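The chain contents come next:
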Amino acid sequence: MAKTKARYVCTQCGSDFPQMYGRCPDCGSWGSVQEQVVEAIATGNTNILASRLARRKTSAPATPRQALTLTQIDDAHQTRLASGYAELDRVLGGGIVPGSLVLIGGEPGIGKSTLLLGVAQRLMLQYATLYVCAEESAQQVKLRSQRLGLNESNSGNLYLMPETDLETIVQELHSLRPPVAVIDSIQALYFASLNAAPGSVSQVRECTSILMRIAKRENITLFIVGHVTKEGAIAGPKVLEHLVDT
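The shown structure was predicted, so the numbers you read here are calculated from the model rather than taken from an experiment.

Definitions and cut-offs
- Residues numbered from 1 in each chain as written.
- Predicted model: local features only at pLDDT ≥ 70, side-chain atom pairs only at ≥ 80, totals over all residues.
- Heavy atoms only, no water.
- Buried < 20%, exposed > 50% of the residue type's maximum accessible area, 1.4 Å probe, protein only.
- Helix = DSSP H or I, 4+ residues; strand = E, 2+ residues; numbered from the N terminus.
- Pairing = 2+ DSSP bridges.
- Phe/Tyr/Trp six-rings, centres within 6.5 Å; stacked < 30°, edge-to-face > 60°.
- Lys NZ or Arg CZ within 6 Å of the ring centre and 35° of its normal.
- Arc of directions from axis to C-beta.
- Contact = heavy atoms within 4.5 Å.
- Salt bridge = Lys/Arg side-chain N within 4 Å of Asp/Glu carboxyl O.
- Core = buried A, V, L, I, M, F, W, Y, C linked by side-chain atoms within 4.5 Å.
- Axes fitted to C-alpha atoms, helices over the stretch in contact; angles between N-to-C directions.

1. A short note on the pairing of strand 4 (residues 101-106)
Step number 1: Strand 4 sits mainly inside the fold: five of its six residues count as buried.
Step number 2: Relative to strand 8 (residues 221-227), strand 4 runs parallel, the two sharing six bridges. Note on strand 8: the bridge partner recorded for Leu103 is Ile224.

Here's what the structure looks like:
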């Protein structure tokens, strides 16, 4: 059985340390180092990959298994989706790229959810769209959509899902396979396999990593709402900003 251990992670830069610091040694921020409880990997499993690679050493000629050269890759024109907002399309480089992971950050109440609900209303006219409302009920989102003038008779492609469990959301993404999905917000999600509270460094990082893999594998465009701190930085580890495409 794997044992649990504690490590200390900076919420600003994502660096982790074996002990607690009042000030992060890497980025210099005060009070940002927090304790995170993680499961230690069983000792017998640490060298499995290395042993497998060692057994595969042979004198046979080197040949690729899945890698391709540039000449073997087909030329494909990237079709972008129109969000319905010219300024948002401009920021995204001419439209929404299928399979991309887009982080929408801003202060509370600035209009992140309203903007993405408006985008979902426009995209649902052509594509199935999933809106995961992790911070509000489905009734609250419906009331906002009515204030935005949504015609419910044409809303058959817009699916609302009030859920915070990441595994349930992943199952819905695999089942519905929508071209576009909105996660509102990443700080409200939790992955049950992690012994940490929603919004913590480990939860935000792991949830985003899993969603990124799904976006690339299933070619689903994911919009992720992220809150900002009072200093104006994205809440959570700095690595979150590097995991997303935009």
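2. Quick notes on the packing of aromatic side chains
Step number 1: In this structure the tally under the stated criterion is one aromatic pair.
Step number 2: When the ring of Phe17 is compared with that of Tyr21, the centres are 5.5 Å apart and the planes differ by 75°; the resulting orientation is edge-to-face.
Step number 3: Accessibility expressed as a relative area gives 11% for Phe17, which makes it buried.
Step number 4: Assessed through its relative accessible area of 29%, Tyr21 is described here as partly exposed.
Step number 5: When the ring centre of Tyr85 is taken as reference, the NZ or CZ atom of Arg122 above it lies at 4.4 Å.

3. Focus: helix 4 (residues 138-147)
Step number 1: For helix 4, every residue scored as buried is listed here: Val141, Arg144 and Ser145. Relative to the axis of helix 4, the buried residues are bounded by an arc of 100° and lie together on one face. What points out from helix 4, more than 90 degrees from its buried face, is the exposed set Gln139 and Arg147.
Step number 2: In this fold, the buried residues of helix 4 make contact with helix 3 (112-123), strand 5 (129-133) and strand 6 (158-161).
Step number 3: Count one or two residues on from helix 4 and you reach Gly149, which has phi positive near 85°.

4. Let's talk about the pattern of salt bridges
Step number 1: Under the defined criterion, the tally for this structure stands at four salt bridges.
Step number 2: Residues Arg144 and Glu136 are paired through a salt bridge, measuring 2.7 Å at the closest nitrogen-oxygen approach.
Step number 3: Classification of Arg144 as buried rests on a relative accessible area of 11%.
Step number 4: Between Lys216 and Asp245 there is a salt bridge, with the nearest N and O atoms lying 2.5 Å from each other. Remark: Asp245 occurs in the segment after helix 7 (239-243) and Lys216 occurs in helix 6 (residues 201-218); sequence separation between them is 29 residues.

5. Observations regarding the nonpolar core
Step number 1: Grouped together as the largest cluster of nonpolar side chains are 27 residues, with contacts concentrated most on Leu166, Leu173, Ile183, Leu189, Leu211 and Leu222.
Step number 2: Breaking this core down by element, the ones donating at least two residues are strand 4, strand 5, helix 5 (166-176), strand 7 (180-184), helix 6 and strand 8.
Step number 3: The biggest single contributor to this core is helix 6, with six residues.
Step number 4: Those residues in contact with Leu222, other than ones at most four positions away along the chain, are Ser100, Leu101, Val102, Ala181, Ile183, Leu211 and Ala215.

6. Comments concerning the sheet that holds strand 7
Step number 1: Taken in spatial order, the five strands of this open sheet run 4-8-7-5-6, and their pairing is parallel. Strands at the two margins of the open sheet, each flanked by one partner only, are strand 4 and strand 6. This sheet shows a mean twist of 15° between the axes of neighbouring strands, independent of strand direction.
Step number 2: For strand 5 and strand 6, the ladder comprises four bridges, and the chain directions are parallel. In the strand pairing of strand 6, Tyr131 is matched with Leu160.

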